Amino acid sequence: MSDEFLFHSNSKILRHPENPILTRHDVPYPATLVFNAGVTFYSGEYVCVFRNDFGEWGNPELVGTNLGLATSSDGIHWKVNSKPIWTVEDVIKDTATFFSDFSNESEILRAYDPRLTVIEDQCYMCFALDTRHGLRGGIARTTDFHHFEVLNLSTPDNRNMVLFPEMINGKYFRLERPMPVYSRQMQTHFDIWSSDSSDLKYWGNHQGVLWLEQVPFANDKIGPSAPPVKTRYGWLTLFHAVDRDPNRGKNGWEEIWQKRYSVGVMLLDLEDPAKVIGMSKEPLMVPEYSYEKNGFRNDVLFPGGMILEKSGEVKIYYGAADTVECLATADVNDLLNLCVNRP
Ligand code: BMA
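Just so it is clear, the structure is predicted and the values come from calculations on it, not from any experiment.

Cut-offs used in this document
Throughout, residues of each chain are indexed from 1 in the direction in which the sequence is written. Where local features are concerned, this predicted model is filtered to residues with pLDDT of at least 70; where side-chain atom pairs are given and counted, the filter is 80 or more; whole-chain, interface and lining totals use all residues. Hydrogens and water molecules were not included; the side-chain quantities draw on all heavy atoms of the structure. For our purposes a nonpolar core is just a set of buried Ala, Val, Leu, Ile, Met, Phe, Trp, Tyr and Cys residues, chained together by side-chain atoms within 4.5 Å. Note on exposure labels: buried denotes an accessible area under 20% of the residue type's maximum, exposed denotes more than 50%, and partly exposed covers the range between, all computed with a 1.4 Å probe on protein chains only. Under the DSSP-based scheme used, a helix requires at least four consecutive residues in state H or I and a strand at least two consecutive residues in state E, with every element numbered from the N terminus. Between two residues, a contact is recorded if the distance between any of their heavy atoms is within 4.5 Å. In protein, a polar contact requires one atom able to donate a hydrogen and another able to accept it; more generally it is a pair of N or O atoms within 3.5 Å, and residues adjacent in sequence count only if both atoms are side-chain atoms. Cavities and pockets were defined on a 1 Å grid built from protein atoms only: a cavity is a group of points that admits a 1.4 Å probe but offers it no way out, a pocket is an open group of points flanked by protein on both sides within 12 Å along at least five of seven lines, and a lining residue is one with an atom within 4 Å of any such point. Grid points are joined across faces, edges and corners, and a volume is the space filled by probe spheres set on the points. Each residue is assigned to one of three groups, with Ala, Val, Leu, Ile, Met, Phe, Trp, Tyr, Cys and Pro labelled nonpolar, Asp, Glu, Lys and Arg labelled charged, and all others, Gly among them, labelled polar. Any residue with a heavy atom lying within 4 Å of a molecule or strand is counted as near it. A 1.4 Å probe and the Shrake-Rupley method give the accessible areas. Residues count as covered only by the protein chains that appear here. Any molecule with more than half of its atoms within 2 Å of a cavity's or pocket's grid points is counted as sitting in it. We count a salt bridge whenever a side-chain nitrogen from Lys or Arg sits within 4 Å of a carboxyl oxygen from Asp or Glu.

**A short note on the nonpolar core**
In step 1: Ranked by size, the top nonpolar core spans 26 residues in total, and within it L236, L238, L284, M285, M306, I316 and Y318 carry the most contacts.
In step 2: Of all the secondary structure elements, the ones that give two or more residues to this core are β16 (234-244), β17 (259-268), β19 (301-308), β20 (313-320), β21 (324-331) and α3 (332-338).
In step 3: If sequence neighbours within four positions are ignored, I316 has contacts with I13, L238, L284, P303, G305, M306, C326, L327 and A328.

**So, the environment of T188**
In step 1: Topologically, T188 is positioned in the loop between β11 (172-178) and β12 (192-197).
In step 2: By relative accessible area, T188 is classed as buried at 18%.
In step 3: Residues T188 and I222, 34 residues apart in the sequence, show an inter-C-alpha distance of 9.5 Å.
In step 4: A distance of 3.0 Å separates the side chain of T188 from the side chain of D220, its partner in a polar contact.

**What to know about the layout of surface pockets**
One water molecule sets the probe size; rolling that probe over the atoms shows where empty space is left.
In step 1: Its volume calculated, the largest pocket comes out at about 550 Å³.
In step 2: At the level of elements, β2 (33-42), β3 (45-54), β4 (64-72), β6 (108-119), β10 (158-163) and β17 are the ones that each hand at least two residues to the lining of the largest pocket.
In step 3: If you tally residues by element for the lining of the largest pocket, the top one is β6, at three residues.
In step 4: The space that makes up the second largest pocket amounts to roughly 410 Å³.
In step 5: Considering the residues around the second largest pocket, the lining is formed by 21 residues, among which T40, V229, M306, I307 and L308 are closest to the centre.
In step 6: The element contributing the most residues to the lining of the second largest pocket is β19, with four residues.
In step 7: Grouping the amino acids of the lining of the second largest pocket by side-chain chemistry returns 14 nonpolar, three polar and four charged.

**Considerations on the site of the ligand**
In step 1: Taken together, the neighbourhood of the ligand is formed by N36, R51, D113, R159, K221, W257, Y261, R297, V300, F302 and D322.
In step 2: In the environment of the ligand, an oxygen atom lies 2.9 Å from a nitrogen or oxygen atom belonging to the side chain of N36.
In step 3: At a separation of 2.9 Å, an oxygen atom of the ligand approaches a polar side-chain atom of R297.
In step 4: Isolated, the ligand exposes 310 Å² of accessible area, and the fraction of that covered by the protein chains is 92%.
In step 5: Under a 2 Å grid-point criterion requiring more than half of the atoms, the pocket assigned to the ligand is the largest pocket.
In step 6: Here the residues of the shell around the ligand sort into four nonpolar, one polar and six charged.

**Looking at the pattern of salt bridges**
In step 1: Under the definition given, this model contains 18 salt bridges.
In step 2: A salt bridge links D94 to K93; the nearest nitrogen and oxygen atoms lie 3.6 Å apart.
In step 3: Its relative accessible area of 58% is what places K93 among the exposed residues.
In step 4: Two residues, R260 and D243, come together in a salt bridge whose shortest N-O distance is 2.9 Å. With R260 in strand β17 and D243 in strand β16, this pair connects stretches of sequence that are 17 residues apart.
In step 5: Residue classification places D243 among the buried positions, given a relative accessible area of 1%.
In step 6: Residues joined in a network through salt bridges with shared partners are R51, D53, R110, D113 and D130.

Printed below as a string of structure tokens:
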């Protein structure tokens, strides 16, 4: 990481005064850590699919994970569905065809970190899937947020997938984050990649998009965060950027947590989205508020949703401290103006 780098959020970012906007207290079933939501606008309302890690408050050994649904008319105040919408049992059932060789229910441990993208009136949910044989990234299609048709699961180790909201040159396009532990010297030097598909099931044409070394405020790994939004200048998108400090010790509920998750912003070419045409050399957001600095894992910002309103306001939804869900806003022109440098 460069020494001259100043670690604070950009002044154009506004945290919502009601943060956190969704917590375990809003959820009418066992819920402990409510965070890392995918948020989009679908069928006339804001839709939020959030991750719920449940267990005992303060105990780092969580019991399980499910996905919950919340809807809203203003994108700030939420009505949470009475039951989780994707439990581990649901995930096992809906991914059964991908595991025909095993037919072993215990192969799947949990699905988490949903990201939502609407393409031609259909909603797609990217998710991470922990299995006993590696971390996989998946894509499911839904129209009602209760039934999910799983279209694709990657090979291990890959996750943090985000879909673009339209086809580009006749192909669906996604960003993703493989974890190449053999070839990157350090076990955590991970980068942002892309791939495309004709049908959302078969993905290929993998290309590197942004390397860790190109981000001055990261020394550990980077990854896609909220699905990109279209502007006339390019695809505007956020990424998470992780710096690790070996001097950090007890930091949250676990014995050791040495990482900090900040947020970067970049602009991708409209016709060739594997090409970064601009990136802010400084972070867009860094953990600063108590709800971002203190929780299960301190100092974590993990955006999973970005909505461009007609007014030009951009809503950024992010998990904070792996504990609660928050909202920040910015003007789209301010975000574009930050993406002036090439990485
Ligand atoms: C990442 C993912 C996220 C999490 C983050 C910080 O690797 O597991 O779900 O928010 O770590 O703990």
